[in-house]
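Residues per chain, in single letters:
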Amino acid sequence: SGLTASLPGSSKASSGGDSSSSSSVLEYWEQMALDCESVDLVSSVLSAIDQQDSDSVVGYICGAIKLLISPKSKSESVLSLSLLYLAKIRPHLFCNETITSALIAVLKRDSQNSFKGRNNPTVHVLACNLLARGYSDKKQWPESLIRTYVEDAINDRVWVDYEECAPFTDQCVAAFGSKIPPKWMLQPELSTLNPTSRENPIIDDEHSTDSGMFGDALGKDPDANPPRFAHIQETVEKLVVEAAKDQLNRRQAPDCSTRNFLKFLSLACGIPEVRALAIPRLELWIHNGKLMKPAQELLTFICYNVTGQNSKDHEVLSNLVKMRLKTKPLINIFM
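Conventions we followed
- Residues numbered from 1 in each chain as written.
- Predicted model: local features only at pLDDT ≥ 70, side-chain atom pairs only at ≥ 80, totals over all residues.
- Heavy atoms only, no water.
- Helix = DSSP H or I, 4+ residues; strand = E, 2+ residues; numbered from the N terminus.
- Buried < 20%, exposed > 50% of the residue type's maximum accessible area, 1.4 Å probe, protein only.
- Contact = heavy atoms within 4.5 Å.
- Areas by Shrake-Rupley, 256 points an atom, 1.4 Å probe, with all protein chains shown as cover.
- Salt bridge = Lys/Arg side-chain N within 4 Å of Asp/Glu carboxyl O.

A. Summary view of the overall build of the protein chain. Counting its secondary structure elements, the protein chain contains 17 helices and zero strands. Buried positions account for 48% of the 335 residues belonging to the protein chain. Of the contacts made within the protein chain by residues no fewer than 6 positions apart, 76% connect residues no fewer than 24 positions apart. Carbon and sulfur atoms form 50% of the exposed surface of the protein chain, whose accessible area is close to 16,500 Å².

B. Up close: the pattern of salt bridges. Per the counting criterion, the structure on display carries seven salt bridges. With its nearest N and O atoms 2.9 Å apart, the salt bridge here joins Arg-157 to Asp-161. Here Lys-293 ties to Glu-297 by a salt bridge, and the two come within 3.7 Å at their closest N and O atoms. Taken together, the residues span about one helical turn, with Lys-293 and Glu-297 both in helix α15 (residues 292–305) at a distance of four residues. Each member of the salt-bridge network shares a partner with another, and the members are Arg-157, Asp-161 and Lys-263.

C. Seen up close, unusual backbone geometry. Even without glycine at this site, Gln-52 takes up a positive phi of about 55°. Inspection of the secondary structure puts Gln-52 in the loop between α4 (41–50) and α5 (54–68). In the Ramachandran plot, Arg-157 falls in the positive-phi region, its phi being about 50° despite a non-glycine side chain. For Arg-157, the location among the structural elements is in the loop between α9 (143–153) and α10 (166–174).

Shown next as structure tokens:
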């Protein structure tokens, strides 16, 4: 579309530029926002497209996003459906840099404010799907998208675990190159490890609707998602490793690590340095009652992803051999 090139901020977004690194860019989308009645959003945007008025196109969409996250918003369903309809018929609008910044601001909103009771997953699901739709035909996704994923995945996991966000989150997880172990490897018999769970019947895997800690990512073909961040692979790995190191430095005592952090490490196990960072602490995590299940799954992910083909994996294998597991079920899992 000829309009795509003329939209404010189009060039960087389509070429993979990082639109969230500067706070001034994030403020810019709010400055661009134009007021528009919710019921008139679609007609206003389409009319502006017909008139080649790119500023108004971006302005109306940013205005809708701004209204959507406003505490006083009363027309959320109308706005959401209107934005989804626009994404269906004009997906290129949502890879515009300014609109991307607005959607990233939505995804970061609750993480920054941390109002537990006010967390509404609807807007996060909407933002993820608008981004996934907007960038669906882009071979190169901007760093700002995976940075936003990492920030939530390693901390509060406000939205990354929602199955409805998978069109976006699956693309980010694929960038880590991790092989996902089969589901049966991640759901071992735990009743003898955790006495409090003995009263609960063990549900047969075939009839279970529980997809475990890793949702429907389990068992997915790692090649199902084309690489969207291959052009910045080194940057992605550096981002993940630095985020992991930061968490480890802030939570030096083993019982200060969180289940969310261990879950993030598991899904990032495709990166050799992540495996090397996790393995020296894994024994302490496994014997910590609060972290036992995610630590076991992290062990499984490490073993499933280790290749032995680099110096980092030599460290990992050396540490695996030295691990002391105190119970027979744990040893069975390890073997």
